[in-house]
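Secondary and tertiary structure notes
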Amino acid sequence: MSLREDRLIEPWMRGPIPGVSPLLSGVLYSFQQTLEDLEKFTAHLTDRQIWDRPHGLASLGFQMRHITGSVDRLSTYLMEQSLTEAQFLELRSEARPGPGREELMARMRETFSRAGELIGSLDVATLSDARTIGRKRLPATVAGLLVHIAEHTQRHLGQAIITAKLLAP
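This text gives an overview of the structure that appears in the document. (Residues numbered from 1 in each chain as written. Predicted model: local features only at pLDDT ≥ 70, side-chain atom pairs only at ≥ 80, totals over all residues. Heavy atoms only, no water.)

1. What to know about the packing of aromatic side chains
As a reminder of what qualifies: Ring pairs shown here join Phe, Tyr and Trp side chains whose ring centres sit within 6.5 Å, with only the six-membered ring taken for Trp; geometry is labelled stacked below 30 degrees between planes, edge-to-face above 60, and tilted in between. Working definition: helices are DSSP H or I runs of at least four residues, strands are E runs of at least two. Numbering for both runs from the N terminus. A simple rule labels every residue: compare its accessible area, found with a 1.4 Å probe on the protein chains alone, to the largest value its type can have, and call it buried under 20%, exposed over 50%, or partly exposed in between. Only Lys NZ and Arg CZ are tested; either one counts as a charge over a ring when it is within 6 Å of the ring centre and within 35 degrees of the ring normal.
Tallied over the full model, the rule gives 1 aromatic pair. Between Phe 31 and Phe 112 the ring centres are 4.2 Å apart and the planes differ by 10 degrees, which places this aromatic pair in the stacked class. A residue pair is termed long-range when its members are at least 10 positions apart, and Phe 31 in helix H2 (residues 25–42) and Phe 112 in helix H6 (residues 101–120) qualify at 81 residues. Exposure remark for Phe 112: the relative accessible area of 4% places this residue in the buried category. Arg 135 extends its terminal NZ or CZ atom over the ring of Phe 88, reaching a point 4.2 Å from the ring centre.

Next comes the structure, spelled out in C-alpha cells:
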C-alpha cells in the first residue's frame, strides 16, 4: 500500500503497531489520528486564526494546547507522580494566545512521542493497577487512565475540527 493510500484509512485500520500490545495500541492510534487530522484541518489557517474564537468557541490554539497538556498531565499520573509547578502553570495558560500552529504541532508531536514510549512500554499485567488523579487523589486504574487519554484527546480533536471548519474561508 502506498503512503497516499495509507493516509486514506484511519490509523487503527493500518495494522498492529510493532512491539506494542493491542491492548495498549488504541491510545497510540488516537495520537496518530489527532496529528493527521490537525495537520489536515489547520493547514490553511494563519497563526492569528489559530487563536480566533468563532462564535465564542474555544480557540484552536486552546484545543491544541489542552490536548498536549492533558496528555502530559495524565501521563504523569500514569507514572504515579504528582504534577509539577510548570505543569500547573501551563494548565493556567492554555487559553491565552501564544505560539503559532507550527510550534503547537511540534509540542504535540513531542508530547505524543514521550507518552507513546511510556504507554507502549507498559506491562499489560498492570492494567488493573491503582492510580490516583489530582490533588484529591481520586481513584483510577492504569486502564482507566489509558481510556481517558484516548477519549479526551479525541473529544478535543473534534472540537478543534469544528472550529477549524468555521474559520475556513
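2. Here we look at the packing of helix H4 (residues 60–78) against helix H5 (residues 85–93)
Condition: Every axis corresponds to a line fitted to the C-alpha atoms, with the helix fit spanning only the stretch in contact, and the corresponding angles, defined between N-to-C directions, vary from 0 to 180 degrees. Comment on the angle field: the value is read as roughly parallel under 35 degrees, roughly antiparallel over 145, roughly perpendicular from 65 to 115, and oblique elsewhere. We call a crossing left-handed when the near helix sits turned anticlockwise from the far one by less than a right angle, and right-handed when that turn is clockwise. Only heavy atoms enter the contact rule, under which two residues are in contact if any of them lie within 4.5 Å. Note on residue categories: nonpolar means Ala, Val, Leu, Ile, Met, Phe, Trp, Tyr, Cys or Pro, charged means Asp, Glu, Lys or Arg, and polar means any other residue, Gly included.
Across the interface, H4 lies against H5 with an axial gap of 10 Å and an inter-helix angle of 150 degrees. Between H4 and H5, the interaxial angle falls into the category roughly antiparallel. Here H4 and H5 pass one another in a crossing that is left-handed. Contacts between H4 and H5 involve Arg 65, Asp 72, Arg 73 and Thr 76 from the former and Gln 87, Glu 90, Leu 91 and Ser 93 from the latter. Of the residues that constitute the contact of H4 with H5, the class distribution is 1 nonpolar, 3 polar and 4 charged.

All quantities given are derived from atomic positions and should not be read as evidence of function.
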